[in-house]
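Here is what each chain is made of, one letter per residue.
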Amino acid sequence: MAAGQKVFKLKPQKKMDYSFLAVVLALLCYGLIMVFSASSASAHYKYGDALHFIKLQLMWAVLGLVAMFMASRVSYKTIYKYSLHLIVASIFLLILVPLIGIEVNGAKRWIGYGPLRFQPSEIAKFAIIVFLARSLTVNQEALKTFTKGFLPYICIIGLMALLVFIEPHLSGAVVIAMVGFIVLWAAGAKISHFLIIGGPVLAVLCVAMFSASYRVARFTSFLDPFKDTTGESYQIIQSLYAIGSGGIFGVGLGQSRQKYLYLPEAQNDFIFSIICEELGFVGALLLVVLFVLLIFKGIKIAMNAPDKFSRLTVIGIMGLISVQVVINIAVVTSSIPATGMPLPFFSYGGSSLLFILSEMGVVLSISREGDTPN
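Residues numbered from 1 in each chain as written. Predicted model: local features only at pLDDT ≥ 70, side-chain atom pairs only at ≥ 80, totals over all residues. Heavy atoms only, no water.

Description of the nonpolar core
Right, on to step 1. Grouped together as the largest cluster of nonpolar side chains are 95 residues, with contacts concentrated most on L184, F291, L294, F345, F346 and M360.
Right, on to step 2. Counting residues in hydrophobic clusters, the runner-up holds five residues, among them L93, L96, I111 and I123. (Core = buried A, V, L, I, M, F, W, Y, C linked by side-chain atoms within 4.5 Å. Buried < 20%, exposed > 50% of the residue type's maximum accessible area, 1.4 Å probe, protein only.)

Below is the structure:
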């Protein structure tokens, strides 16, 4: 590298996709309002301050907006250049988690100190996207063969998923695997190759699901939630009560009953239930419409992206958001067994919000290079 050459290449003054940015900001504002509403009772009970959680979330939102702006100004070619470094760093951090990670509720998923902590799995989700996008751009013919092309990528995705599963974090491992499959499919992987690995993948998923007693309990409670109303099914039952109480227009913003310690940690993975209770079907529909708009506009940016790497990166990021939204809503409506999956932009959690907004910045950066109209 020549002396004085900048590592990060700033973008020229070209317009980004402001309609995509508007949807991102709408989701962020909606999420902050609901975090405050859902967390106020729990925050007052635990900390004597109803604003405890929202103050922290606002802090992370500001940091996330700064990160989004910076990411939108950095050329996506810089991400391409350092994608291999990113995947190696994420693997290293995932290996460190069981050794020095912070344990919460029996799981080590965080690294840090006090309130300043983050989940390496959030980095891993983005790292697997850009790694696959770069590799499949360099080796465009790789996916034509199964053993020498498709299978090695599956092994890399499997390694990342395994390291996250060890934390233990089954839902995080599933997300990494699904996002990896989405990128492979978008790059031209054959459906027949996916069918070949379908059986083994399902077998591994079943073994993982029944490898721990609490996962077995969650599965059995999913089959009959009202069999044990005070045990493993308690949270999902309270979630269904909240959803059913909302009706068409809800009981009113801030008027939830389930958030008064009936629904544990209402501001986290089950915040969608509080949205349904307070804002009803209309509030839930608004949330879904905003996410559909986000995905639609993201796909439009991908279609107009300047090259294969940027196109696959945007598709991977949109796939990541889609998978998390679908799993979260499926869990809180008891459509699938309970698992820890945050709702992007809405669930309380600083590192998750920070990384999501940073990824939105990457999409905005790519939109500057493409021909997407505003």
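A look at the packing of helix α4 (residues 120–138) against helix α6 (residues 170–186)
Right, on to step 1. One can describe the packing of α4 onto α6 by two numbers: an axis separation of 10 Å at closest approach and a directional angle of 20°. The pairing of α4 with α6 is recorded here as roughly parallel in orientation. Between α4 and α6 lies a crossing of right-handed hand. In this structure, α4 uses A124, K125, I128, I129, L132, A133 and L136 to contact α6, whose residues at the interface are V175, I176, V179, G180, V183 and L184.
Right, on to step 2. Counted by class, the contact of α4 with α6 contains eleven nonpolar, one polar and one charged residues. (Axes fitted to C-alpha atoms, helices over the stretch in contact; angles between N-to-C directions. Helix = DSSP H or I, 4+ residues; strand = E, 2+ residues; numbered from the N terminus. Parallel < 35°, antiparallel > 145°, perpendicular 65-115°, else oblique. Left-handed = near helix turned anticlockwise from the far one by under 90°. Contact = heavy atoms within 4.5 Å. Nonpolar A, V, L, I, M, F, W, Y, C, P; charged D, E, K, R; others polar.)

A look at the environment of F219
Right, on to step 1. Its place among the elements puts F219 in helix α8 (residues 213–223).
Right, on to step 2. Residues F219 and P342 lie 123 residues apart in sequence; the distance between their C-alpha atoms is 19 Å.
Right, on to step 3. With near-sequence residues (within four places) excluded, F219 lies in contact with M209, F210 and P337.

A few points about the packing of helix α10 (residues 271–303) against helix α11 (residues 308–332)
Right, on to step 1. Axis separation between α10 and α11 bottoms out at 10 Å; the angle between their running directions is 165°. Relative to α11, the element α10 is oriented roughly antiparallel. The two elements α10 and α11 cross, and the hand of that crossing is left-handed. Here F272, S273, L287, F291, L294, I295, G298, I299, I301 and A302 of α10 come into contact with α11, specifically with R311, V314, I315, M318, I321, S322, V325, N328, I329 and V332.

Things to note about the confidence of the model for the protein
Right, on to step 1. When pLDDT is averaged across the protein, the result is 90; 95% of the residues are at 70 or more.
Right, on to step 2. Note on residues 1–8: pLDDT under 50 across the span, and six contacts to partners over four residues away in sequence or across chains. (pLDDT = per-residue confidence, 0-100.)

Here's the deal with the sheet that holds strand β2 (residues 107–113)
Right, on to step 1. Strand order across the open sheet formed by three strands is β1-β2-β3, with antiparallel pairing between neighbours. Edge positions in the sheet fall to β1 (102–104) and β3 (116–118), since each of these pairs with one other strand and no more. Pairwise comparison of adjacent strand axes, ignoring direction, gives a mean angle of 45° for this sheet.
Right, on to step 2. Summarising the sheet, β1 and β2 pair through three bridges and their orientation is antiparallel. When the bridges of β2 are listed, I102 appears paired with W110.
Right, on to step 3. Packed onto the sheet, helix α3 (residues 76–100) meets β1, β2 and β3 and runs at close to 95° relative to β2. (Pairing = 2+ DSSP bridges.)

Regarding the pattern of salt bridges
Right, on to step 1. Following the criterion strictly, the structure yields five salt bridges and no others.
Right, on to step 2. Measuring nitrogen to oxygen at the nearest pair gives 2.7 Å for the salt bridge that ties K46 to E265. Taken as a pair, K46 in helix α1 (residues 18–47) and E265 in the loop between α9 (234–246) and α10 lie far apart in primary sequence, 219 residues in all.
Right, on to step 3. The partly exposed category is assigned to K46, whose relative accessible area is 43%.
Right, on to step 4. When its relative accessible area of 34% is taken as the criterion, E265 is described as partly exposed. (Salt bridge = Lys/Arg side-chain N within 4 Å of Asp/Glu carboxyl O.)

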